[in-house]
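# Residue-level structural notes
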Amino acid sequence: MSEVILKITDLNAHYGHIHALRGISLEVKAGQIVTLLGANGAGKSTTMKCISGLLKPTGGKIEFLGESIFGVSPHEIVKKGLIHVPEGRRIFKGMTIQENLELGSFTLKDDAERKRRMEYVYELFPVLGERRHRDSGMLSGGEQQMLAMGRALMVGQKLVLLDEPSMGLAPFLVKNIMKVVKQLNQEGITILLVEQNAKMALEVADYGYVVETGAIVMHDAAQILKSDERIINAYLGE
Amino acid sequence: MSTLDIIFQQLVNGLILGSFYSLVALGYSMVYGIIKLLNFAHGDIYMVGSFVGLILLGLLSPFLGAGWAGILVAMIISMILVGLLGVFIQRIAYVPMLSAPRLSILITALAVSMVLYNFVMSMTSGEYKAFPVDLGYEGLEFGHVFITYTQIILVSSTALLMTVLHFFINKTMLGKAMRAISIDQDACRLMGINVNSIIALTFFVGSALACAAGVMAGVYYGSIHFFMGFLIGLKAFTAAVIGGIGSIPGAVLGGLILGLLESFGTQLPFIGSEWKDVFAFGILILLLLFKPTGLLGKTEIERM
Ligand SMILES: Nc1ncnc2c1ncn2[C@@H]1O[C@H](COP(=O)(O)OP(=O)(O)O)[C@@H](O)[C@H]1O
Ligand SMILES: [Mg+2]
């Protein structure tokens, strides 16, 4: 059994009076792809924001590599080896692709390492390399997603949180993105993946959690979830 | 003097005036770009900078004399001190207000402005203070036009400061982070950027530039006054809006345009130089009617 690198216990979060997370507990083991499934508004993004520190939870525990990161500032959490690629990409439009990637390596002190990483990202997504000096705002949705993911790979992170990387993309691009997710995982990066496209997510994931109105209602190995009646009816039905 | 001479002379005057406006406008624009605050205390930072420069010059002149060596050292030290003052003001006055309604932080800025100029007013009994420099009046003559070395040095120093700023903003990691937080603060946090320290850095740089302008103005005009920040604050704000608020090249361009408009405004036939501000602001209103985002800007200022 591989070690648990992220462990969340009874996590609660509020937006003002809205109780968005009502006791979420989950575990991510090193080397896995774990997916969070659930309808729009279930609390998947909120869970991710709590993990990366963008939102301060109101209760519970979050441990990363055996250390509590509850309430720690996001820029400190990044330094511990965890990065969050947020919903909607949030790239720096108005800055070039290369500048976006450089900012991804903000915590890196070593210039040679930065160069190596950038070449690695350009190899992973050649289209970014070809346009490195262009304004990132000119990229298509799929390319922006690649940039957002590339930016997260500029530092050697242990855990990557991906929030709906396939949102708004044409099916062939979604396949492409998922292929990269799989590849990154094979290179040793652990991934927590949020997807509305449950079918696609369960294809690549090892394990899955189902979120409904701020709580986990079901969890199991992806293979098992794929053939579960309730999942098929609620999320995989055509 | 021929018309050509007059044009050339006003060009020089406008360039100097415009340099001061640009340096102050930069701080206005940078701060607006990152936290959407119209920092109405920025003109007073320029004024305080001028007084800090005056005090330092007084302390240094026994050792360095009243020439450029003393001015340079006094300017560098006062830029650092006033930069730190800017960070201090940001920490105690603006950080606690960041999540408050926008109008509250605007009022806070006005309050900071009053604190600064009332403090200097009481320290100076509201009097003009002579700037302790002695630079002579040598210069270069071009036909009927005369440009002093002081003017040349001041304009070149401004150009140098702007070049350094340009390099900093575009080529260094901290500069890139500054641009990035004006685009998306949360995304910056996720990249490991400490947004609060970058905001503080922005205040430091903006205040240091305003201070440089204040010291230069002292050197140029020879005497300074606690109220000198008020009008230049308005003018620099105008310059920032002309250029497109939030845009760094825009602030430089807007400052130069405003300076030139004003100095050519003094030559308006029939109406005389007391109308120069009306002329300059008239152009501003026209510009904003046709291009509300300013010359190089992308964002419109919110109506308050
Ligand atoms: N910034 C916010 N302010 C207030 N409520 C929010 C905010 N973000 C999300 N919510 C609410 O929290 C709940 C969970 O949202 P979210 O985590 O974004 O869902 P998901 O990512 O699963 O679609 C929803 O009811 C949503 O309306
Ligand atoms: Mg979401």
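Residues numbered from 1 in each chain as written. Chains lettered and ligands numbered in written order. Predicted model: local features only at pLDDT ≥ 70, side-chain atom pairs only at ≥ 80, totals over all residues. Heavy atoms only, no water.

## Some details on the overall build of chain B
In terms of regular secondary structure, chain B is built from eleven helices and four strands. For a compact globule of 304 residues, the expected C-alpha radius of gyration is about 19 Å, and chain B comes in at 19 Å, within 12% of that figure. For the C-alpha atoms alone, the extent of chain B along its principal axes is close to 60 × 50 × 40 Å. Residues counted as buried form 50% of the 304 residues belonging to chain B. Long-range contacts, defined here as pairs at least 24 residues apart, represent 76% of the contacts in chain B between residues at least 6 apart. Total accessible area on chain B stands at roughly 13700 Å², and carbon and sulfur atoms take up 72% of it. The distance from the centre of the 13 positive side-chain charges to the centre of the 13 negative ones in chain B is 15 Å. (Helix = DSSP H or I, 4+ residues; strand = E, 2+ residues; numbered from the N terminus. Rg over C-alpha atoms; globule rule 2.2 N^0.38 Å. Buried < 20%, exposed > 50% of the residue type's maximum accessible area, 1.4 Å probe, protein only. Contact = heavy atoms within 4.5 Å. Areas by Shrake-Rupley, 256 points an atom, 1.4 Å probe, with all protein chains shown as cover. Lys, Arg positive; Asp, Glu negative; His and termini not counted. Charge placed at Lys NZ, Arg CZ, Asp CG, Glu CD.)

## Considering the environment of Ile91(A)
All names here are of chain A. With respect to the helices and strands, the residue isoleucine 91 is situated in the loop between strand E6 (82–85) and helix H3 (97–104). Since its relative accessible area comes to 6%, isoleucine 91 is described here as buried. Expressed as a C-alpha distance, the spacing of isoleucine 91 and methionine 149, which sit 58 residues apart in the sequence, is 9.8 Å. With residues near it in sequence (within four places) discarded, isoleucine 91 still touches Asn100, Ser136, Gln144, Leu147, Ala148 and Arg151.

## With respect to the coordination of the magnesium ion (ligand 2)
Reference values for coordination geometry: four tetrahedral donors around a metal ideally subtend 109.5 degrees, six octahedral donors ideally subtend 90 or 180 degrees. Protein-derived coordination of the magnesium ion (ligand 2) comes from Ser45(A) (OG) and Glu87(A) (OE), at a distance range of 2.0 to 2.6 Å. Residue Ser45(A) is found in helix H1 (residues 44–52), and its partner Glu87(A) is found in the loop between E6 and H3; the two are separated by 42 residues along the sequence. (Donors = N, O, S within 2.8 Å, 3.2 Å for Na, K, Ca; no water.)

## A short note on the nonpolar core
Counting 142 residues, the largest nonpolar core has Leu128(A), Ile191(A) and Tyr94(B) as the members making the most contacts within it. With 15 residues, helix H8 (residues 195–221) of chain B is the largest single contributor of residues to this core. When residues no more than four places from it in sequence are discounted, the contact partners of Leu128(A) are Ile97(A), Val121(A), Tyr122(A), Leu139(A), Glu143(A), Met146(A) and Leu147(A). Leu21(A), Val28(A), Ile69(A) and Leu192(A) belong to the second-largest nonpolar core, a separate cluster that totals 27 residues. (Core = buried A, V, L, I, M, F, W, Y, C linked by side-chain atoms within 4.5 Å.)

## Section: the interface of chain B and chain A
Contacts between the two partners involve 18 residues from chain B and, on the opposite side, 21 residues from chain A. Here chain B and chain A share an interface that buries about 1900 Å² over both sides, 70% of which is from carbon and sulfur atoms. On the chain B side of the interface with chain A, the three residues burying the most area are Met173(B), Leu190(B) and Met191(B), jointly 39% of the side's total. Where chain B touches chain A, the interface holds three salt bridges. Elements that contribute at least two residues to the side of chain B that touches chain A include exactly helix H6 (173–181) and helix H7 (185–190) of chain B. Broken down by class, the residue content of the side of chain B that touches chain A amounts to ten nonpolar, three polar and five charged. (Buried area = accessible area lost by both parts, 1.4 Å probe. Salt bridge = Lys/Arg side-chain N within 4 Å of Asp/Glu carboxyl O. Nonpolar A, V, L, I, M, F, W, Y, C, P; charged D, E, K, R; others polar.)

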